[in-house]
Amino acid sequence: MTSPLPAAVARHPHLAAPQRPGWVRVDLHSHTMWSGDSTTTPDEVEQAVVEAGIDVLCITDHHAVRGAAELARRLPCRVVVGEEMRTHAGELIGLFLTDRVPAGLSAVDTARAIRDQGAVVYVPHPFDPMRRNIAEGALHELAEAGLVDAVEVLNAKTSLSSLNRRAAEFAASFDPAAGAGSDAHVPDAIGAAYVEMPDFDGPADFVARLRDAVVVGHHWDEPRPWRARIVPSAIHHEHPPVT
């Protein structure tokens, strides 16, 4: 547990609230330059984590796990290796992955591929059409098959609060755990949304303790302030560029 710095609190005032002993702040959804639609560098992620005082950052780059694995060895917080992948019906996230899950499978096959790694199936922005949300029919199919571990009930980039409320109502109806994430594509977004939950050890314990979590955050989708900078190459062979 580290205290957030004034710069992050100015952006995200809820960071100033006291944190319970033995609990951790977990951002379940974030992106880096390995995503293809973000240019956030390792240095910028590190600075943002220090400023926000996040305890656990789930790095969920599009169709890539290499960046998350590299940052897990560098960041001052714990890192959960994740991936946001496109299925035939929309996007899903796998958390606690060891290998990349291929894009373009059905939603059910994608969820099963995540589970085959002993990982967690997390549904991001389930009702936000601006975020490549999963189709509602496919979401219900996954839930009825018991293939949803957690649903994102607060996505900081989702501009309409009604869409986050629909996600919370869905979670209440089908009983997966409720999660939250900044969906950060710029470094200053880290800290915009997260859960506070009892500390955990591994994916199964994470899902169990996530049921006791408190969702914290607000809508925040500000552009990156311009400044001259050098972005290192993120060329890799995990996937073609996301367009």
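Structure: see above.
All of these numbers come straight from a predicted model, not from anything done at the bench.

This part is about the environment of Gly53. Among the secondary structure elements, Gly53 is positioned in the loop between α2 (42-52) and β2 (56-59). Residue class for Gly53 comes out buried when judged on its relative accessible area of 0%. On a C-alpha basis, the gap between Gly53 and Pro76 in space is 9.4 Å, while along the polypeptide they are 23 residues apart. The residues contacting Gly53, other than those within four sequence positions of it, are Thr2 and Pro4.

Listing the buried residues of α2 in full gives Pro42, Glu44, Val45, Ala48, Val49, Glu51 and Ala52. Buried residues in α2 make contact with α1 (6-11), β2 and α3 (66-72). The first or second residue beyond α2 is Gly53, which carries a positive phi of 70 degrees.

Turning to the packing of helix α5 (residues 136-144) against helix α6 (residues 161-174), a few remarks are in order. Two numbers describe how α5 lies on α6: the axes approach to 11 Å, and their chain directions differ by 30 degrees. For the element pair α5 / α6, the angle class is roughly parallel. Between α5 and α6 lies a crossing of right-handed hand. Here Glu136, Leu139, His140, Ala143 and Glu144 of α5 lie close against α6, whose contacting residues are Arg166, Phe170 and Phe174. Within the contact of α5 with α6, the residues separate by chemical class into four nonpolar, one polar and three charged.

Turning next to the packing of helix α4 (residues 107-116) against α5. α5 packs onto α4 with a crossing angle of 45 degrees between their chain directions and a minimal axis gap of 10 Å. Our classification of the angle between α4 and α5 gives oblique. α4 and α5 meet at a crossing whose hand is right-handed. Contacts between α4 and α5 involve Ala107, Val108 and Ala111 from the former and Ala138, Glu141 and Leu142 from the latter. Class assignment of the residues belonging to the contact of α4 with α5 gives a composition of five nonpolar, no polar and one charged.

This part is about the environment of Val65. Tracing the backbone through its elements, the reader meets Val65 in the loop between β2 and α3. Distance from Val65 to Leu97, taken between C-alpha atoms, is 7.9 Å for residues 32 residues apart in sequence.

Moving on to the sheet that holds strand β9 (residues 214-217). The nine strands lie next to each other as β7-β6-β5-β4-β3-β2-β1-β8-β9, forming an open sheet whose pairing is mixed. Strands with a single pairing partner mark the edges of an open sheet, and in this sheet they are β7 (177-181) and β9. Looking at each pair of strands side by side, their axes are set apart by 30 degrees on average, direction ignored. Across five bridges, strand β6 (residues 150-155) lies against β7 in parallel orientation. Bridge pairing links Leu154 to Ala180 in β7. Helix-sheet contacts for helix α7 (residues 203-210) involve β1 (23-30), β4 (90-95), β5 (120-123), β6, β7 and β8 (193-198), and the interaxial angle to β8 is about 100 degrees.

About the criteria used
- Residues numbered from 1 in each chain as written.
- Predicted model: local features only at pLDDT ≥ 70, side-chain atom pairs only at ≥ 80, totals over all residues.
- Heavy atoms only, no water.
- Helix = DSSP H or I, 4+ residues; strand = E, 2+ residues; numbered from the N terminus.
- Buried < 20%, exposed > 50% of the residue type's maximum accessible area, 1.4 Å probe, protein only.
- Contact = heavy atoms within 4.5 Å.
- Axes fitted to C-alpha atoms, helices over the stretch in contact; angles between N-to-C directions.
- Parallel < 35°, antiparallel > 145°, perpendicular 65-115°, else oblique.
- Left-handed = near helix turned anticlockwise from the far one by under 90°.
- Nonpolar A, V, L, I, M, F, W, Y, C, P; charged D, E, K, R; others polar.
- Pairing = 2+ DSSP bridges.

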